[in-house]
Amino acid sequence: MSDPAPQQDEAAEFTLEVVSTREGVEALADDWRRLDAVTSVASIFRTWEWMEAWLHAVEWKRRLHVVVLRDAGKQVAAIAPLMIGAHGAFDRGDRIVSFIGSDGPQGGSYMDLIAAPGWEGRAHLAVVGHLRDHMKEFSYINLNRVALDDPAFNHWSSAALECDLHATVDLRRRTVWSPLPATYDEYVAAVPNKRWRQRMRNFPGALAREFPSACFVDRASGSPLEGVLADLRRLQEARWEEGSTYWQRPGFPAYVHRLCTSLQSAGRLRAIFLMVNDRPVSARLGLIHRGTWIDFQAGRDPSFKEHDVAYLTLWHCAEKAIAERLTRMDSLDEYEYKRRYFRQTRWLADLRFYDDRFSSAGRQVMKTAGRAARRTVKGLLPGKLLRLLRK
């Protein structure tokens, strides 16, 4: 379902419309996939599979605000996957514009719109201009998890300045990645630590000597997905404390199952398990998208910690990615151990745009200060009194 009166820019020869229902977004699936296949910057987090899984898994307290640009021939030229009401944002999330898929069960990274070649920048300006014209409908715009080295960062920032919006940038997240050379030996040679280089070169033989029955199995093909995810969940929950894994997050089991089902049917899911005596002791999920292996979810049996089974599985994934002639391996997060093998770091920026007038900026500051004051007061009150006041 679109706005009843799409906006027409005759000089630029494009039409802008807003899709506000899930059915309307699902009708864009073919155009979404077409644009994703040709957009200049590839990211799994902008794909239809990621968005579709998120749409079906998230408890809906948000309003869709997907901006669609059509060219003079009425063909979709750009899609900006936006929503109003992000969990945990200012204003209790009620009136904040943000990217679909950037929060919820698991937030994505490298967020942006998708556009046909030649529409980058132009599409960003059109979207920000549209949001600027409707600024009274929400508190501010929060475009989170935009990669600092992505052209999108400059496109969004320039568009905000041209539309006379005040902009703030918050750098608080990092991800790690590594280019993949032609051979595994070249990949190992680039690891700075000599001791780890030796272990990475010798790990197949060392594993066979320690566990003669050990083998790596890709269960993405030929195994029921329910069993794969059940074993992964068991390994994660055995490693981490109760309640600290993704699986306890509302909507995550449904979300990851739907995402993996879509990628499995397309041949773009890898489920690498290290088996010892037919028992899974370590696992890593890999998502494949346009030459990139995304290290998605991992788990291991804590009783095998001293054998470094998590590292062994990661090295095998790198070896397999290189054998598949992929050019990049990416991780969603930054842990110290990963920095040994993922040599590059990417900063993620949260871009916040708001009207540089007291009616908007002042309201945001006052509401933020008010909530901080309430949290301080609650922190000083005894628990019994708080429960009594809530009643």
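Above this note sits the structure.
Report on the accompanying structure.

The rules we used
Residues numbered from 1 in each chain as written. Predicted model: local features only at pLDDT ≥ 70, side-chain atom pairs only at ≥ 80, totals over all residues. Heavy atoms only, no water. Patch = residues over 30% accessible without salt bridge, like charges linked within 9 Å, V, L, I, M, F, W, Y side chains within 5 Å. Areas by Shrake-Rupley, 256 points an atom, 1.4 Å probe, with all protein chains shown as cover. Salt bridge = Lys/Arg side-chain N within 4 Å of Asp/Glu carboxyl O. Helix = DSSP H or I, 4+ residues; strand = E, 2+ residues; numbered from the N terminus. Bend = angle between axes of the 7 residues up to and from the residue. Buried < 20%, exposed > 50% of the residue type's maximum accessible area, 1.4 Å probe, protein only. Contact = heavy atoms within 4.5 Å. Polar contact = N/O pair within 3.5 Å; in protein donor to acceptor, adjacent residues only side chain to side chain. Axes fitted to C-alpha atoms, helices over the stretch in contact; angles between N-to-C directions. Parallel < 35°, antiparallel > 145°, perpendicular 65-115°, else oblique. Left-handed = near helix turned anticlockwise from the far one by under 90°. Nonpolar A, V, L, I, M, F, W, Y, C, P; charged D, E, K, R; others polar. Pairing = 2+ DSSP bridges.

**Examining a nonpolar patch on the surface**
For step 1, the next point in the chain: A grouping of Leu148, Val169, Leu171 and Trp347 is seen on the molecular surface, where their side chains present a nonpolar patch of about 330 Å² in accessible area.
For step 2, the next point in the chain: One can find Trp347 in strand β16 (residues 344-355).

**Quick notes on helix α7 (residues 194-210)**
For step 1, the next point in the chain: Taken as a whole, α7 carries its principal kink of about 65° at Phe203; the proline Pro204 stands between one and four residues after it.
For step 2, the next point in the chain: Regarding α7, the residues found buried are Trp196, Arg197, Met200, Phe203 and Leu207.
For step 3, the next point in the chain: Structurally, α7 contributes buried residues whose contacts are with α6 (184-189), β11 (215-218), β12 (269-276) and α10 (309-323).
For step 4, the next point in the chain: One side-chain oxygen at the N-terminal end of α7 lies 2.9 Å from the backbone nitrogen of Arg195; it belongs to Asn193.

**Focus: the side chain of Glu52**
For step 1, the next point in the chain: Within the fold, Glu52 resides in helix α3 (residues 48-57).
For step 2, the next point in the chain: For Glu52, a relative accessible area of 11% translates into the label buried.
For step 3, the next point in the chain: Polar contacts involving the side chain of Glu52 include one to the side chain of Arg258, which spans 2.7 Å.
For step 4, the next point in the chain: Once residues lying within four places of it in the same chain are set aside, the contact partners of Glu52 are Arg258 and Ser262.

**Digging into the packing of α3 against helix α9 (residues 252-265)**
To characterise two packed helices, one gives the angle between the axes of the helices and the distance between these axes.
For step 1, the next point in the chain: Between α3 and α9, whose axes approach to 8 Å, the crossing angle comes to 150°. For the element pair α3 / α9, the angle class is roughly antiparallel. Seen from above, α3 lies across α9 with right-handed handedness. Residues Glu49, Trp50, Glu52, Ala53, Trp54, His56 and Ala57 of α3 pack against Ala254, Tyr255, Arg258, Leu259, Ser262 and Leu263 of α9.
For step 2, the next point in the chain: A class-by-class count of the residues in the contact of α3 with α9 yields eight nonpolar, two polar and three charged.

**Examining the sheet that holds strand β14 (residues 292-300)**
For step 1, the next point in the chain: Within the open sheet, the 11 strands sit side by side as β3-β6-β7-β9-β16-β10-β15-β14-β13-β12-β11. Their pairing is mixed. Two strands bound the open sheet, and with one partner strand each, they are β3 (63-64) and β11.
For step 2, the next point in the chain: Sheet contacts for α10: β11, β12, β13 (279-289), β14 and β15 (328-331); angle to β13, the most-contacted strand, approximately 35°.

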